[in-house]
Amino acid sequence: MWLRQAFFRWLLPAAFLLPLWLLIGWGVFQGGWAIFWVLLIAMPSVFLGQLLLTLLTRSRPSVRIERAVSWWDVAGFTVWHGLTIAVGFFIDGAFPWVLTGAIAAGIGLVWLQLWQLWNEAKGGGTRLRETITWSTIPTADESAPPTRAHEVIVVRETDARD
């Protein structure tokens, strides 16, 4: 659980630190005219992409309640952040492949977040992710709890006159 909570807390700082890493990586490993690509395309797209993914992730009820992301999120963000960090190394022979992988992982992560959000919202807001430890939704075999009619008292201030 601590790992999922750590990813929950990492999402917002990652929006600032990953683009900063691309700039630092350019300065350390690349140099040259690639700065225009880093400043105008890479940094804004990673920043906005991470903010969008953070918004989609934190908008799910299960994430807000548990303050932890799902294991699918852990896997997806690990792949995407790992590839984004690898892009910042600007490795000569592998750069196009790593960049393509990072873009594909980012797009796949957006679809993963939309799929998880859709699955949680399908029940009209009444269905939350059920875990082994608790369940709030009665199954079809269970009967609804008995209800009793409430007592109603009517007080008239004046009598109606004929």
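To be clear, the structure that these remarks concern was listed above.
**Q** Explain the packing of aromatic side chains to me, please; I cannot follow it from the model alone.
**A** Here a ring pair, both rings aromatic, is described through the centre-centre distance and the interplanar angle of the planes. Evaluation of the coordinates by the stated rule reveals eight aromatic pairs. With a centroid separation of 5.6 Å and an interplanar angle of 80°, the aromatic rings of Trp37 and Phe95 are classed as edge-to-face. A residue pair is termed long-range when its members are at least 10 positions apart, and Trp37 in helix H2 (residues 34-58) and Phe95 in helix H5 (residues 95-121) qualify at 58 residues. Residue Trp37 is classed as partly exposed on the basis of its relative accessible area, which comes to 24%.

**Q** Got a minute to help me understand the environment of Ala104 in this structure?
**A** Secondary-structure assignment places Ala104 in helix H5. Of the residues examined, Ala104 reaches a relative accessible area of 49% and is grouped as partly exposed. Linking Ala104 and Trp80, residues 24 residues apart in sequence, is a C-alpha distance of 8.7 Å.

**Q** Mind showing me how you'd approach the packing of helix H4 (residues 71-87) against H5 here?
**A** When two helices pack together, you describe them by how their axes are tilted relative to each other and by the distance separating the axes. Contact geometry of H4 with H5 gives a least axis separation of 8 Å together with a crossing angle of 155°. What the angle tells us is that H4 and H5 run roughly antiparallel. Crossing of H4 against H5: the hand is left-handed. When H4 is examined against H5, the residues Trp72, Asp73, Gly76, Phe77, Val79, Trp80, Leu83, Thr84, Ala86 and Val87 are found in contact with a partner set consisting of Phe95, Val98, Leu99, Gly101, Ala102, Ala105, Gly106, Leu109, Leu112, Gln113 and Gln116. Of the residues that constitute the contact of H4 with H5, the class distribution is 14 nonpolar, six polar and one charged.

**Q** So what exactly am I meant to see when it comes to the side chain of Ser62 here?
**A** Note on placement: Ser62 falls in helix H3 (residues 61-66). A polar contact is formed between the side chain of Ser62 and the side chain of Glu120, at a distance of 2.5 Å.

**Q** Teacher, can you tell me more about the pattern of salt bridges here?
**A** Opposite charge on two side chains permits pairing when their charged atoms draw close. Counted under the stated rule, the structure contains three salt bridges. Here Glu66 makes a salt bridge to Arg4, at a shortest N to O gap of 2.7 Å. One end of the pair, Glu66, is in helix H3; the other, Arg4, is in helix H1 (residues 2-30), and 62 residues separate them in sequence. The network of salt bridges with common partners includes Arg60, Asp73 and Glu120.

Reading the values: rules and limits
Residues numbered from 1 in each chain as written. Predicted model: local features only at pLDDT ≥ 70, side-chain atom pairs only at ≥ 80, totals over all residues. Heavy atoms only, no water. Phe/Tyr/Trp six-rings, centres within 6.5 Å; stacked < 30°, edge-to-face > 60°. Helix = DSSP H or I, 4+ residues; strand = E, 2+ residues; numbered from the N terminus. Buried < 20%, exposed > 50% of the residue type's maximum accessible area, 1.4 Å probe, protein only. Axes fitted to C-alpha atoms, helices over the stretch in contact; angles between N-to-C directions. Parallel < 35°, antiparallel > 145°, perpendicular 65-115°, else oblique. Left-handed = near helix turned anticlockwise from the far one by under 90°. Contact = heavy atoms within 4.5 Å. Nonpolar A, V, L, I, M, F, W, Y, C, P; charged D, E, K, R; others polar. Polar contact = N/O pair within 3.5 Å; in protein donor to acceptor, adjacent residues only side chain to side chain. Salt bridge = Lys/Arg side-chain N within 4 Å of Asp/Glu carboxyl O.

Such coordinate-based values are descriptive only and should not be taken to indicate function.
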